[in-house]
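# Inside the fold
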Amino acid sequence: MKKYYLYILVFLFQSCAAQSSPQLVDASMEAVIREKLDYYLYYPENYDTGSREKFPLLLFLHGGGESGDSLGAIKRNGPPKLIVEGKQFPFLILAPQNPHRKKWWNTEAVVQLLDTIVANNRVDPDRIYLTGLSRGGGAAWELAVQYPKKFAALAVVCGMTPVPYAAWLNKKMPIWVFHGVEDRSIPISESETMVDRLLGMGYDVKFTRYPGVGHNSWIQAYNTDALYEWFMQQDRKGGD
């Protein structure tokens, strides 16, 4: 287990003192928040070969049920669960934990952690992949919108979607969306609407629906070997 800290200080600047009459006061505040991220980092079997080969990296964001201060909870689902069960992957996997049980992911902190891992390991910056499930799936969409030049491919499982900002995604980034048709926590309409919007704008999008499956569509999605083969085919070189 490793820990990552993001420190944010708060500075307030105001140009004039308060007066008795109604007024607009111009001011500025530099806000910095402290965030602690525990995380798992998986290395593929052939990482320590003595070569200078650079490897792809998959950033995995868990769902709301794994949030909190027990890092082992991350192993319940997705790639971390498969690793515990003995599955091997051809890339590094970074799996941070959202420390807030009832708050959204701090995506800025996640990206700073990701950049630190990339800088200190043999990671190919053109082959960074992004995936997440449920609340982490929504955060994955958000990261891809906010940092369109960072990821070579995106896979989202039953995540809430930022439809109004669909056009902010990198049009050269392949996307694969998974969702259970019977999902009552985050309805499949979230993904359907987003996929339709992206396809209408000419994006490269795959959409897998699971009939009769509810919110736990991540079980089928992350047991799909074709997903990891698809990731390995993606490279950001030549794109933005």
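So, here is what we can say about the structure in this document. Going along each chain's sequence as written, the residues are numbered from 1 onward. The predicted origin of the model limits local features to residues at a pLDDT of at least 70 and limits the giving and counting of side-chain atom pairs to 80 or more, whereas totals for whole chains, interfaces and linings rest on all residues. The side-chain figures draw on all heavy atoms in the structure; neither hydrogens nor water molecules are used.

A word on the packing of aromatic side chains. Pairing of aromatic rings covers Phe, Tyr and the six-membered ring of Trp, with a centre-to-centre limit of 6.5 Å; geometry is then stacked below 30 degrees between planes, edge-to-face above 60, and tilted otherwise. The tally for this structure, following the rule as stated, stands at 13 aromatic pairs. With centroids separated by 5.2 Å and ring planes inclined at 25°, the aromatic side chains of Tyr129 and Phe231 adopt a geometry described as stacked. Residue Tyr129 is found in strand S7 (residues 123-133), and its partner Phe231 is found in helix H6 (residues 225-232); the two are separated by 102 residues along the sequence. Comparing Tyr129 with Phe231 shows no difference in burial state: the two are buried. Between the aromatic rings of Trp230 and Phe231, the centroid separation amounts to 5.2 Å while the plane-to-plane angle is 50°, which identifies the pairing as tilted. For every residue, the accessible area (1.4 Å probe, protein chains only) is compared with the maximum for its type, and the residue is labelled buried under 20%, exposed over 50%, or partly exposed between those bounds. Judged by its relative accessible area of 0%, Phe231 is buried. Feature note: the residues Tyr42, Phe89, Phe91, Tyr129, Trp176, Phe178, Tyr210, Tyr228, Trp230 and Phe231 constitute an aromatic cluster, connected by ring pairs. Think of it as a cone above the ring: NZ of Lys or CZ of Arg counts as a charge over the ring if it is within 6 Å of the ring centre and within 35 degrees of the ring normal. Here the basic side chain of Lys87 rests over the ring of Phe89, its NZ or CZ set 5.5 Å away from the ring centre. Seen from the ring of Trp176, Lys206 lies directly overhead, with NZ or CZ sitting 4.2 Å from the centre. Helix and strand definitions follow DSSP, with helices as H or I runs of at least four residues and strands as E runs of at least two, each counted in order from the N terminus.

With that settled, consider the pattern of salt bridges. The working definition used for a salt bridge is a side-chain nitrogen of Lys or Arg within 4 Å of a carboxyl oxygen of Asp or Glu. Evaluation of the coordinates by the stated rule reveals 7 salt bridges. Note that Asp38 and Lys36 form a salt bridge whose closest N and O atoms lie 3.2 Å from each other. Overall, Asp38 belongs to the buried group, its relative accessible area being 6%. For Arg101, the salt bridge is made with Asp69, and the minimal N-O distance between the two is 3.9 Å. In this pair, Arg101 sits in the loop between strand S6 (92-96) and helix H2 (107-119) while Asp69 sits in the loop between strand S5 (55-61) and helix H1 (78-84), placing the two residues 32 residues apart along the sequence. Asp69 shares its class with Arg101; the two are exposed.

Here the focus is the nonpolar core. Membership of the largest hydrophobic core comes to 43 residues, with the highest contact counts inside it found for Leu59, Leu169 and Ile175. Looking at which element gives the most residues to this core, the answer is H2, with 7 residues. Throughout, a residue-residue contact means that at least one pair of heavy atoms, one from each residue, lies within 4.5 Å. Setting aside anything within four residues of it in sequence, one finds Leu59 in contact with Leu94, Pro96, Val110, Leu114, Tyr129, Leu130, Thr131, Leu143 and Phe151. In this structure, Leu58, Ala152, Ala153 and Cys158 belong to the second largest nonpolar core, which totals 28 residues. Nonpolar core, defined: a set of buried Ala, Val, Leu, Ile, Met, Phe, Trp, Tyr and Cys residues in which side-chain atoms within 4.5 Å join the residues together.

Here we come to the packing of H2 against helix H3 (residues 135-146). At a closest axis distance of 10 Å, the pairing of H2 and H3 adopts a crossing angle of 70°. What the angle tells us is that H2 and H3 run roughly perpendicular. Contacts between H2 and H3 pair Thr107, Val110 and Val111 from the former with Ala139, Glu142, Leu143 and Gln146 from the latter. Nonpolar residues are Ala, Val, Leu, Ile, Met, Phe, Trp, Tyr, Cys and Pro. Charged residues are Asp, Glu, Lys and Arg, and all others, Gly as well, are polar. Looking at the contact of H2 with H3 residue by residue, the class counts come to 4 nonpolar, 2 polar and 1 charged. All axes here are fitted lines through C-alpha atoms, helices being fitted over the stretch that makes contact, and every angle between N-to-C directions spans 0 to 180 degrees. Just so you know how the angles are binned, under 35 degrees is roughly parallel, over 145 roughly antiparallel, 65 to 115 roughly perpendicular, and the rest oblique.

A separate point is the side chain of Asn121. By secondary structure assignment, the location of Asn121 is in the loop between H2 and S7. In this structure Asn121 comes out as buried when scored by relative accessible area, which is 15%. Separated by 2.7 Å, the side chains of Asn121 and Tyr43 make a polar contact. Asn121 has contacts with Leu41, Tyr43, Tyr47 and Leu92, leaving out every residue within four places of it along the chain. Under the rule applied, a polar contact is a pair of N or O atoms within 3.5 Å (in protein, one hydrogen donor and one hydrogen acceptor; residues adjacent in sequence only if both atoms are side-chain atoms).

All right, on to the environment of Asp183 then. Along the chain, Asp183 turns up in the loop between strand S9 (175-180) and helix H4 (188-200). Judged by relative accessible area, Asp183 falls into the buried class, the value being 5%. Among all residues touching Asp183, those that are not within four sequence positions of it are Cys158, Ile188, Val213, Gly214 and His215. Polar contacts involving the side chain of Asp183 include one to the main-chain amide nitrogen of Ser185, which spans 2.9 Å.

What is shown is where atoms sit, not what they do.
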